[in-house]
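# Examination of the molecular architecture
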Amino acid sequence: MNKKRTFTDAQLEELRPFEENFRTAVYSRYARRIGGPEAARNIGRIYKEATGVQLSVYASCQDCMMRLLTQVGRAYLEDLEIIEAEKVEEAARRLVDSKPAPRQKGRPRGSVKTAKKQE
């Protein structure tokens, strides 16, 4: 996959508790309470560390919370898709690189000679 991830594995792990909030904000355009101003500051801090972009993290401003959850959520969900694609590519690569099953020795059941002996 050619796309570059936004967040590191540690950052993704910190954001994992908010995954449902991100999905709701991105796909339903609805923001739920995320746990107060401390949670909003943590999400904003992680996003700033990853991208360098400072977002408004005022917990009392619903528009700010919606923008925060939507923007961070898009990046988070995109990273999850990239990780899943990498897993699929790795599984396909292992399948192609794996050795074929060994041939069975002897005649297969129902071969011509076996059928003639039974007559």
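You'll find the structure just up there.
These numbers were taken from a predicted model, which means no experiment stands behind them.

### Quick notes on the overall build of the protein chain
- A tally of helices and strands in the protein chain yields five helices and zero strands.
- Ordered by position from N to C terminus, the α and β elements of the protein chain give α-α-α-α-α.
- Within the protein chain, buried positions represent 31% of all 119 residues.
- Sequence separation of at least 24 residues holds for 69% of the intrachain contacts in the protein chain that already meet a minimum separation of 6.
- Counting only carbon and sulfur atoms, one obtains 50% of the accessible surface of the protein chain, whose full area is about 9,000 Å².

### Some words on the environment of G36
- Following the sequence through the fold, G36 ends up in the loop between helix 2 (19-28) and helix 3 (37-51).
- Of the residues examined, G36 reaches a relative accessible area of 5% and is grouped as buried.
- The spacing of G36 and S60 is 24 residues in sequence and 8.8 Å in space, taken between C-alpha atoms.

What counts, and where the lines are drawn
Residues numbered from 1 in each chain as written. Predicted model: local features only at pLDDT ≥ 70, side-chain atom pairs only at ≥ 80, totals over all residues. Heavy atoms only, no water. Helix = DSSP H or I, 4+ residues; strand = E, 2+ residues; numbered from the N terminus. Buried < 20%, exposed > 50% of the residue type's maximum accessible area, 1.4 Å probe, protein only. Contact = heavy atoms within 4.5 Å. Areas by Shrake-Rupley, 256 points an atom, 1.4 Å probe, with all protein chains shown as cover.

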